[in-house]
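Residue strings, one per chain:
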Amino acid sequence: MTPLASYLLVAALLFSIGLAGALTRRSAILVLIGIELMLNAANLNLIAFWRYGPHPEALTGMMFAIFSIAVAAAEAAVGLGLVIHIHRYAHTTNLDAMNRMKG
Amino acid sequence: MPPQDLIISSPFSITQMLWLIPAVPVVAAGVTALLRQPKRRTAVTLAIGSVSFSLLLSLVAFVHMVVRWAEGFCVHETVNFTWIQVGATNVELGWVLDPLAAVMLVMVTFVSLLIFIYSTGYMKHDENYTHFFCFMSLFAGSMLGVVIANSLLLLFMCWELVGLTSYLLIGFWYQKPSAAAAAKKAFLTTRVGDVFFLLGMVWLFAQTGTLLFYNGGTGSMEPEALAGLLAQPAALGLTAAGAISLLIFAGAAGKSGQFPLHVWLPDAMEGPTPVSALIHAATMVAAGVYLIARVYPLMQAGALAGGTTTALTVVTWVGASTAVFAALIAVAQNDIKRILAYSTISQLGYMMAGLGMGGVAVGMFHLVTHAFFKALLFLGAGSVIHGCQDEQDVRRMGGLKSDMPLTFATYSIGMLALCGFGFPLFFSGFWSKDGILDAALHWSVAKTPFYMLVLGALLTAFYMTRQVAYVFFGHWRGHKPAHESPAVMTVPLAILAFFAMTLGLIGTPAWQWFSAFLEGRSACFDLSRIVYPEFLALMGTSTVVVILGIVLSWRLYGDRSPKPEQPDVLEKAAPLVWRWLRNRLYVDELYEVTVIAYYGWWAWVADWLDRRVWGGVVDAVAWAFRGWAQLNRFLDSNVVDGSFDKGCDELAVGGGLLARVQTGRVQTYLRVLALAVMVLAAILIWSSRT
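Residues numbered from 1 in each chain as written. Chains lettered and ligands numbered in written order. Predicted model: local features only at pLDDT ≥ 70, side-chain atom pairs only at ≥ 80, totals over all residues.

## Some details on the overall build of chain A
Condition: Helix and strand assignments come from DSSP, with helices taken as H or I runs of at least 4 residues and strands as E runs of at least 2, each series counted from the N terminus. Atoms counted for the radius of gyration: C-alpha only. Globule rule: 2.2 Å times residue count to the power 0.38. Any residue pair is listed as a contact if its two C-beta atoms, each placed from the backbone, are within 7 Å.
Of regular secondary structure, chain A possesses 3 helices and 0 strands. Starting at the N terminus and ending at the C terminus, chain A contains elements arranged as α-α-α. The C-alpha radius of gyration computed for chain A amounts to 17 Å, which surpasses the reference 13 Å derived for 103 residues by more than 25%, pointing to a less compact arrangement than a globule. Projected onto its principal axes, the C-alpha positions of chain A cover 50 × 25 × 25 Å. The contacts in chain A between residues at least 6 apart in sequence include a share of 50% that link residues at least 24 apart.

Now the structure itself:
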């Protein structure tokens, strides 16, 4: 059986790729994709810890992951809605142009 | 029958409605004052209408009193009410109807009405016509208030109102500096008397606790209060009654122009002539005499049978000396109105002397007859002035008897009445003046007043003849030709002339109706009172004296028509005496260098103190506060404001610095967050290793 550490390594890799995407991309949509990747890395962790945890027979980890995926879906919907709106307003999705909140 | 009081409760009696007599003219004056623009016709209608109404009511009151008298009652019908209540002290006001008030009411309203009618002609071209009738109505109302007052306080209030209207009317032509000065002089001089009057009033209130004259036994003029006043000693051997009487007399002397407070009355002639006639000859100046008659019980308190009191003796001496003094000055005056003014002062002296020696009836009789013939003389003088285009100097008139026949006829009647011309035509002044002379002859204290009054009568005849000779005889010495006045002026003259001739009949010694009415006795016709030798001698004396005066004067002045520039006949004979008389015995100058100079000095001192001392103190305080304010301003702008501004600047700089952190770029925030998480993770890992 594959040890827990491998799952965690994959999850960490996935999270790092998502974080890197979210931090470096200029396009708002790609930033959203990065965020989705990070969320999925977290989900993977949830499942892994459940399976290797003390009570794998209870479906707690599974429930947590499904709940998290539902929240991620809602977040993606809101995020995409915002991006569409910003695009309509400013005709761009470039995040560097969106600095109206500058102090 | 002794006087008895009657407190009236029936709401429909004339006494209850008596307050309307003064109230209606006062209201008319108020309405006139509030008119939006000068409305001549409305003002005249209101003034004459209100006085006619008062005259009507006064006649009703008079008839009512005569009926009561005929029934055998001599009553004071009073209506009293509480005005102010302070603790246990009541200040009561009220009005009284008695024969004295009734006679005075009819006289005042009747003379006022005639003078109002006359004024519509005399004041026709004046631009302040509306004001004039407003003031005149106010005067009539206040004077009637004086007459009906049953409380010394109410009387004093109306008395002051009368003084105010007198001031307003003397200064009616206020553009003339002399008129403005005369108004001030009148106001201030009478105020000197009024201060004493007020003192007497306060003293009376302190002693008796009431200022009502008659109040069913508890009034201040009734025996109970008088006995209390007599028991109370004051200074200089006077009782409280005597001292209060003298104080009140000082007020009366101010108003009635008695020596030494007479100086304002001749100057008061600066007012329009109808004002002089109504206020400064017929009614207001008689208010002082009326006041003495009103408080006569107090004046007389403590007199033995046939005797006199200190107060009455003072009244007599002041009156008699004023009578002679003013008559002397009148001889040397050339202004037609000033001659009459001094004659008024002189006649007021007669009234006072009559009150002092003969009682209420003697003085009041002369007051009433004098009111008619003096109003007549003043209105006649007004007619002359009007006809001669505002010329007042008798030396620039002359020969008017053919130009102004009606004025001449009526004026002569007034002049003969004033002289007290007796045989063969008995003018009203003859009877009233003889009453006073008769009283003087029987006065128990001294005979000197009698001789003074006889001398006064001689002088009166002299100066009146001089005036008439100057004005109506000889030839015309003025510039423009004179003309007769319109009927609206001559008809009142004729009516007054009728009364000046006949009014004496109600008080002849044979039928002493007037004194009987005032004193509550019954009158009967008895010729024997005339034909007893002593009285015939008196009548003869006075007739001779008057004729002597007239003849003497006529020989000096009659038909001579001297030039205005020529010195007077008497001036040639005795220049020094003439100069003294001409300058009114220098009384004004004496006051100028004594009283006025004294007050002027005090005013100067007060002014100096005000400017230099108090002004300096005030300035110093102002400077101190100004310096203090400067210091405060410096502290405020440099210390308080500076530190506050500095704080604000620092905050703004700090905010600017912090604002740079807020780039507005989402990814920057995310980077910081990621970095922070990494640092946190590193710390956690590091700490868990050990």
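## Some remarks on the overall build of chain B
Definition in use: In this scheme the burial state of a residue depends on its C-beta neighbours within 10 Å: 20 or more other such atoms mean buried, 12 or fewer mean exposed, and anything in between means partly exposed; the C-beta positions come from the backbone.
Each helix and strand counted, chain B has 27 helices and 3 strands in total. At 37 Å, chain B has a C-alpha radius of gyration far larger than the 26 Å of a compact globule built from 690 residues. On the principal axes, the C-alpha backbone points of chain B span a range of 160 × 65 × 50 Å. Out of the 690 residues belonging to chain B, those deemed buried represent 49%. At a minimum sequence separation of 6, the contacts of chain B that also span at least 24 residues come to 78%.

## Focus: the packing of helix H7 (residues 223–231) of chain B against helix H8 (residues 240–255) of chain B
Residue and element names in this part refer to chain B. Under the convention used in this document: In this description, a line fitted to the C-alpha atoms serves as the axis of each element, helices being fitted only across the stretch in contact, and the angle between N-to-C directions of two axes falls anywhere from 0 to 180 degrees. By the definition adopted for this analysis, an angle is roughly parallel if under 35 degrees, roughly antiparallel if over 145, roughly perpendicular if from 65 to 115, and oblique otherwise.
Put simply, H7 and H8 touch, their axes get as near as 6 Å, and they point 100 degrees apart. In terms of axis orientation, H7 runs roughly perpendicular to H8. Across the interface between the two elements, Leu 226, Leu 229 and Leu 230 from H7 touch Ala 240, Ala 241 and Ile 244 from H8.

## Some remarks on the nonpolar core
A general trend in soluble globular proteins is that nonpolar side chains are found buried together. Put simply, the rule reads: Here a nonpolar core is just a set of buried residues of the types Ala, Val, Leu, Ile, Met, Phe, Trp, Tyr and Cys, joined wherever their C-beta atoms sit within 7 Å.
Counting 216 residues, the largest nonpolar core has Leu105(B), Val111(B), Ala375(B), Leu453(B) and Ala500(B) as its most contacted members. Not counting the four nearest positions on each side in its chain, Ala500(B) is found in contact with Phe372(B), Phe373(B), Leu376(B), Ile413(B), Gly414(B), Ala417(B), Phe427(B) and Ser428(B).

## Structural notes on the environment of Tyr7(A)
Residue and element names in this part refer to chain A. Mapped onto the elements, Tyr 7 comes out in helix H1 (residues 4–24). The spatial distance from the C-alpha of Tyr 7 to the C-alpha of Thr 24 is 26 Å, given a sequence separation of 17 residues. Not counting residues within four places of it along the chain, the set of residues in contact with Tyr 7 comprises Leu 44 and Ala 48.

## Section: helix H23 (residues 533–557) of chain B
All names here are of chain B. Put simply, the rule reads: The span expected for a helix works out to 1.5 Å for each residue beyond the first.
Over its 25 residues, H23 extends 36 Å from the first C-alpha to the last, a length consistent with the 36 Å expected when each residue adds 1.5 Å. Listed in full, the buried residues belonging to H23 are Met 539, Ser 542, Val 545, Val 546, Gly 549, Ile 550, Ser 553 and Tyr 557. In this structure, the buried side of H23 is in contact with helix H17 (405–419), helix H18 (428–441), helix H19 (448–472) and helix H24 (569–573). Looking one or two residues past H23, Asp 559 carries a phi angle of roughly 55 degrees, positive in sign.

## A short note on the interface of chain B and chain A
The test is simple: When residue character is reported, Ala, Val, Leu, Ile, Met, Phe, Trp, Tyr, Cys and Pro are called nonpolar, Asp, Glu, Lys and Arg charged, and the others, Gly included, polar.
Taken residue by residue, the interface counts 12 residues in chain B and 10 residues in chain A. In terms of residue count, the dominant contributor to the side of chain B that touches chain A is helix H27 (residues 666–689) of chain B (5 residues). Classifying every residue of the side of chain B that touches chain A by side-chain character gives 5 nonpolar, 4 polar and 3 charged.

## Points about the pairing of strand S2 (residues 75–86) of chain B
Residue and element names in this part refer to chain B. The cut-off we apply is this: DSSP calls a pair of strands paired once it identifies at least 2 bridges connecting them.
Sheet topology note: the S2/strand S3 (residues 89–97) ladder contains 9 bridges and is antiparallel. Within the sheet, the bridge partner assigned to Glu 77 lies in S3 and is Leu 97. Connecting S2 to the antiparallel partner S3 that follows it, the hairpin turn spans 2 residues, and Gly 87 within it adopts a positive phi of roughly 60 degrees.

## Section: the confidence of the model for chain B
Condition: Confidence of the predictor in every single residue is expressed as pLDDT, which spans 0 to 100.
Overall, the prediction assigns chain B a mean pLDDT of 85, with 96% of residues at 70 or greater. Of the two predicted TM-score estimates for the complex, the pTM is 0.75 and the ipTM is 0.84.

## Regarding the packing of helix H3 (residues 99–122) of chain B against helix H20 (residues 487–502) of chain B
Residues and elements named next belong to chain B. Under the convention used in this document: In a left-handed crossing the near helix is turned counterclockwise from the far helix by less than a right angle, and in a right-handed crossing that turn is clockwise.
Relative to each other, H3 and H20 sit at 155 degrees, their axes nearing to 7 Å. The orientation of H3 with respect to H20, classified from their angle, is roughly antiparallel. Where H3 crosses over H20, the two elements pack in a sense that is left-handed. Facing Leu 114, Ile 117, Tyr 118, Thr 120, Gly 121 and Tyr 122 of H3, the residues of H20 in contact are Val 488, Met 489, Pro 492, Ile 495 and Leu 496. When grouped by side-chain class, the residues that make up the contact of H3 with H20 number 9 nonpolar, 2 polar and no charged.

## Points about H7(B)
Residue and element names in this part refer to chain B. Cut-off, in case you're wondering: The arc under discussion is defined with respect to the helix axis, by the directions toward the C-beta atoms.
Along H7, the positions that sit buried rather than exposed are Ala 225, Leu 226 and Leu 229. Take H7 and look down its axis: the buried residues cluster within an arc of 100 degrees, on one side only. Seen from the open side of H7, the exposed residues pointing more than 90 degrees away from its buried face are Pro 223, Glu 224 and Ala 231.

## Things to note about unusual backbone geometry
With an omega dihedral of 5 degrees, the bond running from Phe259(B) to Pro260(B) counts as a cis peptide bond. Following the sequence through the fold, Pro260(B) ends up in the loop between H8 and helix H9 (264–267). Phi is positive for His91(A), which is not a glycine, with a value near 55 degrees. Using a count of 9 C-beta atoms within 10 Å as the deciding quantity, one classes His91(A) as exposed.

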